[in-house]
Amino acid sequence: MHPNYLKNYSKLTAQKRKIGTSTHASSSKQLKVDSVFPVKHVSPVTVNKAILRYIIQGLHPFSTVDLPSFKELISTLQPGISVITRPTLRSKIAEAALIMKQKVTAAMSEVEWIATTTDCWTARRKSFIGVTAHWINPGSLERHSAALACKRLMGSHTFEVLASAMNDIHSEYEIRDKVVCTTTDSGSNFMKAFRVFGVENNDIETEARRCESDDTDSEGCGEGSDGVEFQDASRVLDQDDGFEFQLPKHQKCACHLLNLVSSVDAQKALSNEHYKKLYRSVFGKCQALWNKSSRSALAAEAVESESRLQLLRPNQTRWNSTFMAVDRILQICKEAGEGALRNICTSLEVPMFNPAEMLFLTEWANTMRPVAKVLDILQAETNTQLGWLLPSVHQLSLKLQRLHHSLRYCDPLVDALQQGIQTRFKHMFEDPEIIAAAILLPKFRTSWTNDETIIKRGMDYIRVHLEPLDHKKELANSSSDDEDFFASLKPTTHEASKELDGYLACVSDTRESLLTFPAICSLSIKTNTPLPASAACERLFSTAGLLFSPKRARLDTNNFENQLLLKLNLRFYNFE
């Protein structure tokens, strides 16, 4: 009845039969090809490099290569391949660490200024000193970092021990004359080490000795026939002149100072009786919630069933931890409702917050939120320079000042925070180099403060340090004096000063705009190479904690450092 459909159907079925036949033939041919060519084998060298990468990147124990299951895995993937032994693995990691250190040294040799961060760490009854290096690429203006050391410290952590360790590490990487600043916390041992052996102290000591020498020469010319002065040799040899070690300029960790402001200085607000009463009542209930939810699985399940979140417990050694714990309580109340928080308090047998206490908790969080934000900004490592320090602290002070108009209970807290910021950061607002670092960032220039005294102090520093650039050009052109004796009387143009005026008038706020002003860019890189916080060293210790676990407490310190540095500096080592 339908011959056209039948014809089309016959054509389609014929094509399917052809396709099926050709596919079967090609698959059979493919099987024959695969049977002719054997499977490709990987060389033992390649397998060993893969194992080395696996051990380093995963921070795995060296004993992994001795596990029967690991050997079976390698033999299954590559039959006939023998797994590298543990002693060979240790030696290869040591060789890789040496090559990595050489590449880090070569990379730092190409830049003019380097900054470091330093801190101490204790774990498994062993103490270590960690050092990280940071520099800015003058071509791309991108920051680069590297972990330099995590060495064992023996004995007491005195200022001399720390100074010797830092000096040795700087000398090992050949950056002793390049380090412009070292950022540490405010520990008394670090403070004394830089006060005694720092470059600023050495300059003062040198000037003092020169003046004393001049006075002695002028006064002692007529004393005695030979003008000889006798000294006690033992006293001179034992005298600490500050030149045994050479340390760079010291920078206090801004995050550590802000943490002291938010924890220690904030307690001064308790002098207000009304604030003190609410504070102790609110945080007593908060502490009860944190304790019970962290110690009982049933309590944690009750919190999660009501809010689908878990309470966070503050940690004394972790920045912003108290703020984040309080903010989590307010988050539960906001997302799940006040009824959920009431049910949690009932389940954990903790008194519920009354309306005044909830308002106090909200005000406390709103007051501490700018502090937490500044801490997050300053502890960054890639996109933060020293020039961010003063504008961030200044803006923090302004934001706290604006909160006065909207607070009912936490005015004493704002006053205590403002007083703490003024006390702990006052010397930084008087440091011309730190001020200049902020001015030399296009993001801020001179718009971050209205205090003309502060801006003038930074501008004077910039002009003084730009003058040597003009002086070099004048020396290059001094050959004209040979032809014209009065050439120096001709008017000269100060290109660096013009460049500074052009930079301040530029409207672009991107860091790439610095490349248009070579002299300004060079000085900006130098002043902004340091980091405002030592968080980079804290991150080094966080990774070290994963490696130096309780089961690996007997790990040799050299093997520990080699594996850790390779893990943190993977971009400086090629496994191929």
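Preceding block: the structure.
Residues numbered from 1 in each chain as written. Predicted model: local features only at pLDDT ≥ 70, side-chain atom pairs only at ≥ 80, totals over all residues. Heavy atoms only, no water.

S.K.: So what exactly am I meant to see when it comes to the packing of aromatic side chains here?
M.R.: Any two aromatic rings considered together are summarised by their centre-to-centre distance and by the angle between their planes. According to the stated counting rule, one finds 13 aromatic pairs in the structure shown. Ring centres of tyrosine 54 and phenylalanine 70 lie 6.0 Å apart, and the angle between their planes is 25 degrees; this geometry places the pair in the stacked category. Here tyrosine 54, found in helix H2 (residues 44-57), pairs with phenylalanine 70, found in helix H3 (residues 68-77); they are 16 residues apart in sequence, far enough to count as distant. Taking 5.9 Å as the distance between ring centres and 25 degrees as the angle between the ring planes, the aromatic pair formed by phenylalanine 159 and phenylalanine 197 counts as stacked. Residue phenylalanine 159 is found in helix H5 (residues 159-172), and its partner phenylalanine 197 is found in helix H6 (residues 188-197); the two are separated by 38 residues along the sequence. (Phe/Tyr/Trp six-rings, centres within 6.5 Å; stacked < 30°, edge-to-face > 60°. Helix = DSSP H or I, 4+ residues; strand = E, 2+ residues; numbered from the N terminus.)

S.K.: Would you mind showing me how to read the pairing of strand S3 (residues 143-153) here?
M.R.: A regular strand carries its side chains on alternate faces of the sheet. The sheet contact formed by strand S2 (residues 126-136) and S3 spans 10 bridges and is antiparallel. From the neighbouring strand, threonine 132 faces S3, where its bridge partner is alanine 147. Here S2 folds back onto S3, and the loop between the two strands holds six residues, one of which, leucine 141, carries a positive phi near 60 degrees. (Pairing = 2+ DSSP bridges.)

S.K.: I tried to follow helix H11 (residues 297-307) on my own but got confused; where do I start?
M.R.: Each α-helix winds once per 3.6 residues, and so residues spaced three or four apart point in a common direction. When H11 is considered as a whole, its buried residues turn out to be Ala299, Ala300, Ala302, Val303 and Ser307. On an axial view of H11, the arc spanned by its buried residues comes to 160 degrees, and they lie on one face. The exposed residues of H11 that point more than 90 degrees off its buried face are Ala297, Leu298 and Ser305. For H11, the secondary structure elements touched by its buried residues are helix H10 (273-295), helix H12 (321-335) and helix H13 (338-347). The distance from a side-chain oxygen at the start of H11 to the backbone nitrogen of leucine 298 is 3.4 Å, and the residue carrying that oxygen is serine 296. Positive backbone phi, approximately 60 degrees, marks arginine 308, located one or two places after H11. (Buried < 20%, exposed > 50% of the residue type's maximum accessible area, 1.4 Å probe, protein only. Arc of directions from axis to C-beta. Contact = heavy atoms within 4.5 Å. Polar contact = N/O pair within 3.5 Å; in protein donor to acceptor, adjacent residues only side chain to side chain.)

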